[in-house]
Amino acid sequence: MKFVSVLVVWTALVGWVQDDYQSKMAVQGASIRGSSTMTTRHKNATWSTTLLYKSAKDNDDDMTPVLRTLMAPAAPLSSSSSSSRYSSSPRSLSGEPAPLHHTDTFSSLSCNNGIAQQDCDSWTQTFGSKAVHTNRIVIECGRCMDLDFEGPELTLQQGIDVRGRLVFRNAGPTFTLYTSMLAVQGDLILASRKPVDGKPAIHIFMTGENDQYFEPIEENAMNCGGVGQCNAGKKAIVVAGGKIQAQGLPPDAPTWLKLHDVTRVLDQGQMSDITDGQDPNVLIVDKAVDGKWAPGAEVLVTSHTTKWDGHQVRTIESISQHSDPNYVRIKLDSPIPRPTTLLDDPRFAVEVALLSRNIVLEGGPDSNARHGGHLWFFHTPFVDQFLEGVEVRNFGQQGTLGRYPIHFHFCGDNAGSVIAKNTVRNSHQRAIVVHGTNNVRVEDNVVFDTKGHAIILEDGIETGNEFFRNLGAFTRRVEVVIPNNGLNGDETDAAPATFWMSNPSNSWIGNVAAGSESSGFWFELRLRGAMASMFAGSDPRSLPLHKFEGNVAHSNGDRGLRTYPIGYMPDNVQTLDGFLSYRNRNKGLFFHLTENVAVVNSIFADNAVAIDLDRAEEIMLTNVTIIGQTDMYQDLVEIGGAPSLCKFQDELVGMEFHTFVHRAENNGAVVSNVVFKGFEQGMCARVAHIKFDDETRTGMFDWFTTFEKVNIMDRDNLFDFCPAEDVGVHSYLIDMDGSLRENGSGPGSLISVPLMSFVDSSACQVHNEGCYAYCGVCFRTMRFDVNPSGTDNIVLKVCKSTGSPCTYTFGFTDPFLDPTDADNHRLYNAHLPQGSYKVAFVDGIGGAEVWPSFVIQTFEDKLCPESFDESDIKLSIPSVQASQCNDLIKNGDFETLNMEGWLERSGGLAPVPNKGIGESTAISDAPAESSRDTIVQFLDTRCLKLMRGRYYEIRAWVKLVNKSGAPYSSCNLDSKGCPEVRIVNSAMMRPKVALFVPALRDHGFQLLHGVFLVDQDTAESSFIEFHVERNRADFSMQIDDVSMQLMPSLSFDDPVCQDNLVENGHFESGDAAFWSESSAVMSMRPGFSLVLSKGYGRVFVKSSCMRIDKRYEVIVKFRMYRNGNSVVCDPITSTIQCPTARLVPFKNGANMAGLRVADALETLPGATSSSLYGVFLATTDLIQADQLFLQLENFNDAYEYYIDSVSIQFNTKGCSDNMLLNSDMGMGVSPFWSAAGSGFIEWKDEGYGGSSSGALISRERTLPGHGARYNTAAFLDGRCLAAGSTWEITAQIKVFDVVTGLPMPCNLNQLTALPFVDACPSVRITIQNTEGTEIYNDFVRAYTNNSWNLNGWNEFKASLKLPQWNGQVASGGVAIQVCNFPIIMGVVVDDFVVRRV
């Protein structure tokens, strides 16, 4: 039987999670968690590594019961949050397990089922009372052990593996366990609920410098590669499938709170008010600490200034009741500088945190002074971990990936796991790391004196985690950064953040970052790590933010919160609510490359810069208070020696704005209900409520921002436009309701002084000290994008519609982009007040009007209702002469050694002298790994509008060159990854218009050729790009002699239309221009003929030359070869298939029903080639097609076809001429004649009078009425057969005995009688009308000689008068047949003529 592994079933889950992640990444939903007594499952996969097998059948009935259970979907759980702080009910965003990096996920051991209800064995009775064990201690699965060791210290040199259950209970003197490893595959219980007095009840001290291994057992035995050993690292506490339950605080003990007040205890024990110069030594805090915190414990008081390291750590000497029963006094072992308290200002009070805990995990000494212990939950999903009240000290191994104090490592869904009320301190590397894990609750923890980022989401794949009310302080830089291993990317711990956030789909509520050397909160949103490739195409920057509410950043060395360097750009607006950011040395909030974010109900105070929006746009600031310097902080500076806010850059700024947006479609900010205060001149060298910075990109302003309901409570309105003006950027802000006015009412604008050109100066108040004016008018901007090439001197001229005044503005390109980049448009902005204007582009100031190939005109959103409308702007487009549009490509031969007009995408561009056609100059892009590099020229949109409906011929000689300089010569029409020409319009339609065609090569160049119709979409497009696309990586592309020539506009009466309507039907130029193919192989043959095989080839036809209802003749010369040998096809028997020809019209890019117009003639003896021949009637569909092609098809893959002399010409035959084509049989008999009913027809090589043009033979009929029928549907114009018209029919005829082949006589006098025993051949004519009704059917038999010439030719000559009828003759409704003679006879016919008399 064939078996298939049902895997380490998690693989199925990974696929599901990947799909879900890429579509949403995180959605509020259900979570599933497991316990040690249940089998865990989720959706269609399990985290067990058990290998399950089933027969390789699709029938679900064949699934094993176990597999069916595992594959069954889990029942959904409620998504409502519980009110319990540690509720295990779902609170996640994801609701589904996160995928893990490896398949070695650990599940709870089934051998421990029911262990919680067992009595525990005694450690002493089991292992004895010795204090040092030199062997590994194992607590076996299914066994509970009470660690009742009575000594103060126990040493386990080889570590301990808890496979069952180990219980620490100690409320007395400190018990210390020294161990090199603590592996938890079962349950570890740690508990001490006594008041915290600085003397831990349980102290686990991690020792050793060598990696330690543990052996996975039972259902986890195949994990870690199945080798029976898992590497836990050195000094490791590792939880693998097991569970920690730790409680090291008294019930309801607070871990930190705000400082209510301070006082001082004199030596005599008396309380003293704080006076200047005295430091307090008593903290007054909420009574919640009473009975929970105790003397001997250490406490942290966070910084109250801009100093990130301005915290204080003290030991509690005593705790006593305050006169107010709601508070207690905590006397410290030494005074502290007076901090800010709740009584001073509840917004800015410092935090007091308890650092000590009753359970301590400590890393021992190491030869690497930056290495301590580490605790990780290892690949253990669905198991509720509970770590509360633990002090983790001297943990983390700096510079080593994955070695952190508290670390969830690829644990998938951990809903129900809680990390709460712990202290992480003196950490060498980070603090609490959630990695590849979802739905963990991290709450009320204190992280202090840690290095690198402190509380982090590691890889950007983590969702649904909750970080609630955690406090971090003294977050320091690392000295050794974790190296980039190719998966994790460059780590940024040298600029640490207390909260480092790589995925926004998590919650941060009530957290405090109170003293980082760099940032408090940092959204550095990126995917990385071993699993990043699973989520390719997903971007955390676009994901929703679950919650960011009530967080505080203060006293940080750089920024309170930042989104640098890659920003945050969610698809919909996300909100930071209730953010308090104060006394940060540099900036309170720094948004970089960020958009669609709202900051609401927030306060910024005592920051050098409160809010910096740096390349940030679509930002909403609502209900925000910005305080430059509080009175309290001024007192701290003047009296308490706090650092000045001006110390960083000698400036005090409320809002600092960029002058440009990152994406043109965006606006800047919407500022509403904002209060400014605490900004006074002289505080710093530069003081401003609002400031534009001096960073510029294109030199243009487009950061359009509105203000409404703004309250500036200071004496003066301080706006600073000078930095932007210093770099030439003229900017403005819109005041929607006049709240920024110094006097008056109504909307207005703050504008750079140079923007006053179109404003009545009486409406403005000029502030030269701020480089701005307040004008009681609304401004709006219009933007113009133009061709960046050749437009350096073009100026935008804007005039009032009355003609004056006028302004002149030069355009800008982006200096950060390559100047040859086609996307680096030259940009012009016109910032204008309400009014009507004329706009034009001119050649320099005062020059003539010019047109920069194209103009894309866009308007800023109408942010202020009293601004101009689009209809108020009139753009002047100078006229263009038709002669200027003959060749749309400028500088196509590059002989001036410049590249004017030419641009590129992604490859760079440079001239290459002596490398072009005939050693001329070409241009080349640069080789790159991308295959999409493109050489571009913008076409003149005026010409395309003028030439709507016209055709252009495109020619470009192209060469691909590899990095060693060798040309690539394998491109042809059906090659993939070869250059092509596309025409791209503003709707991003980009049809292929030119492909490689066979041509005689020059210096390795090949010809791209095509025909392009200027359709309506093109004519109306705002820009048109001519693309030569490389389509091959690691090559450079050289181009030369590029042209886009207007093809003549032709009509039926033009002389050229009387010639061949096929473009390049004779290949005189030595190339296959105007030819294309599908699935064919096409090449040129010396002697100028085209070689085709497979598929089909088609050629452009000048359809505009045709006239409806005119007849056209198609001729194609061809030869066939197989393996180099000439072969001849047979159109009569089809023993060797012959090609055919079809006309294929295209309309609106789609091919319409084609018309077969030519078939193969029989190849006559001595002929050097074969021919396709046909006649067709021009129809409306053919003439009105956008493009018309003659398509050669019906090729046999086994043959090559040499094509030459392809033509379509007007058939000049009139009704008075011979209506029959090929009357002399000079082109053979097929397809003109065919057997009618039965028999055979063939060509005879000798015709009338010995002519070599031949004659027709019809023989071997089965009925006298059968014979040879002329193909009138294709070759006779039935319209000539008018009712009542008279026709003359002539022919030369012989008859012969079909048995002997000898001539035989016939009876000239038998005219109508049957059964045609010896009758001479007659001619029958049948005519039908368009309704299918037969309107004429008769035969004639008339010969000019009186007796039959047995050995020679006999002239048939008859006159025929058609009757009258109503209606028209049907197309193909005429039949002419030579018939009505005995079957013993064969007939020879030549010079058959039908002519109207």
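Up top is the structure these notes are about.
Residues numbered from 1 in each chain as written. Predicted model: local features only at pLDDT ≥ 70, side-chain atom pairs only at ≥ 80, totals over all residues. Heavy atoms only, no water.

A.B. asks: I'd like to hear about the packing of aromatic side chains, residue by residue, with values.
C.D. replies: Within the structure shown, the criterion is met by 58 aromatic pairs. For the ring pair Phe 106 and Phe 378, a centre distance of 5.6 Å and an interplane angle of 55 degrees mean the geometry is tilted. Of the two residues, Phe 106 is situated in the loop between helix H2 (65-71) and strand S3 (121-122) and Phe 378 in strand S27 (residues 374-378); the sequence distance between them amounts to 272 residues. In this structure, Phe 106 and Phe 378 share a single accessibility class: buried. Relative to Tyr 568, the ring of Phe 523 lies with its centre 6.2 Å away and its plane at 10 degrees, an arrangement referred to as stacked. Linking Phe 523 in strand S42 (residues 519-523) with Tyr 568 in the loop between strand S45 (559-562) and strand S46 (574-577), this pair joins segments that are 45 residues apart in sequence. Given the relative accessible area of 4%, Tyr 568 is considered buried. (Phe/Tyr/Trp six-rings, centres within 6.5 Å; stacked < 30°, edge-to-face > 60°. Helix = DSSP H or I, 4+ residues; strand = E, 2+ residues; numbered from the N terminus. Buried < 20%, exposed > 50% of the residue type's maximum accessible area, 1.4 Å probe, protein only.)

A.B. asks: Explain the state of the cysteines to me, using residue names and the numbers behind them.
C.D. replies: Across all of its chains, the model carries 13 disulfides by this definition. The disulfide bridge from Cys 224 ends at Cys 230, spanning 2.0 Å between sulfur atoms. Looking along the S-S bond of the Cys 224-Cys 230 disulfide, the torsion reads about 105 degrees, which is the right-handed sense. Per residue, the accessibility class of Cys 224 equals that of Cys 230, and both read buried. Here Cys 1215 connects covalently by a disulfide to Cys 1280, the sulfurs 1.8 Å from one another. The disulfide joining Cys 1215 to Cys 1280 has a torsion of about -80 degrees about its S-S bond and is therefore left-handed. On the criterion of sequence distance, the pair formed by Cys 1215 in the loop between strand S90 (1200-1210) and strand S91 (1233-1236) and Cys 1280 in the loop between helix H9 (1272-1275) and strand S95 (1286-1297) is long-range, its members being 65 residues apart. With a relative accessible area of 5%, Cys 1280 lands in the buried category. The cysteine Cys 411 is free of any disulfide, with Cys 224 supplying the nearest cysteine sulfur at 13 Å. (Disulfide = S-S within 2.5 Å.)

A.B. asks: How would you sum up a nonpolar patch on the surface? Please name residues and give values.
C.D. replies: Residues Tyr 808, Phe 810 and Ile 845 make up a contiguous nonpolar surface patch of about 300 Å² in total accessible area. Looking at where Phe 810 falls in the secondary structure, it is placed in strand S63 (residues 806-810). For Phe 810, a relative accessible area of 39% translates into the label partly exposed. (Patch = residues over 30% accessible without salt bridge, like charges linked within 9 Å, V, L, I, M, F, W, Y side chains within 5 Å. Areas by Shrake-Rupley, 256 points an atom, 1.4 Å probe, with all protein chains shown as cover. Salt bridge = Lys/Arg side-chain N within 4 Å of Asp/Glu carboxyl O.)

A.B. asks: Tell me about the pairing of strand S26 (residues 359-363), residues and numbers included.
C.D. replies: Along S26, five of the five residues are buried, which leaves the element largely enclosed by surrounding structure. Residues Ile 359, Leu 361 and Gly 363 of S26 are buried on one face, and the alternating residues Val 360 and Glu 362, pointing to the opposite face, are buried as well. Relative to S26, strand S13 (residues 202-206) runs parallel, the two being bridged by five bridges. Bridge pairing in S26 links His 203 to Val 360. Looking at chain direction, S26 and strand S29 (residues 390-393) are connected through four bridges and run parallel. In the strand pairing of S29, Val 360 is matched with Glu 391. (Pairing = 2+ DSSP bridges.)

A.B. asks: Provide a residue-level description of the sheet that holds S95, including the pertinent values.
C.D. replies: Strand order in the open sheet formed by five strands is S92-S93-S100-S95-S98, and the pairing between neighbours is antiparallel. Either end of the sheet is taken by a strand with one partner, and the two such strands are strand S92 (1240-1244) and strand S98 (1354-1361). Across the sheet, the mean angle separating the axes of adjacent strands is 30 degrees when strand polarity is ignored. Pairing analysis gives three bridges linking strand S93 (residues 1255-1259) to strand S100 (residues 1385-1396), with the strands arranged antiparallel. (Axes fitted to C-alpha atoms, helices over the stretch in contact; angles between N-to-C directions.)

A.B. asks: Let's hear about the pattern of salt bridges: which residues, and what values?
C.D. replies: Considering all chains together, one arrives at 62 salt bridges under this definition. Here Arg 541 makes a salt bridge to Asp 539, at a shortest N to O gap of 2.9 Å. Overall, Asp 539 belongs to the partly exposed group, its relative accessible area being 26%. In this structure, Arg 780 and Glu 870 form a salt bridge, with 3.0 Å as the shortest nitrogen-oxygen distance. One end of the pair, Arg 780, is in strand S61 (residues 779-786); the other, Glu 870, is in the loop between strand S66 (855-859) and strand S67 (873-875), with 90 residues separating them in the sequence. On the accessibility criterion, Arg 780 (3% relative accessible area) is buried. Ionic contacts of the salt-bridge type, sharing partners, join the residues Arg 430, Glu 458, Asp 459, Glu 491, Asp 493 and Arg 528 into one network.

A.B. asks: Describe the side chain of His 831, with residues and values.
C.D. replies: If you trace the backbone, His 831 turns up in strand S64 (residues 826-833). Side-chain polar atoms of His 831 contact the side chain of Thr 781, separated by 2.6 Å. (Polar contact = N/O pair within 3.5 Å; in protein donor to acceptor, adjacent residues only side chain to side chain.)

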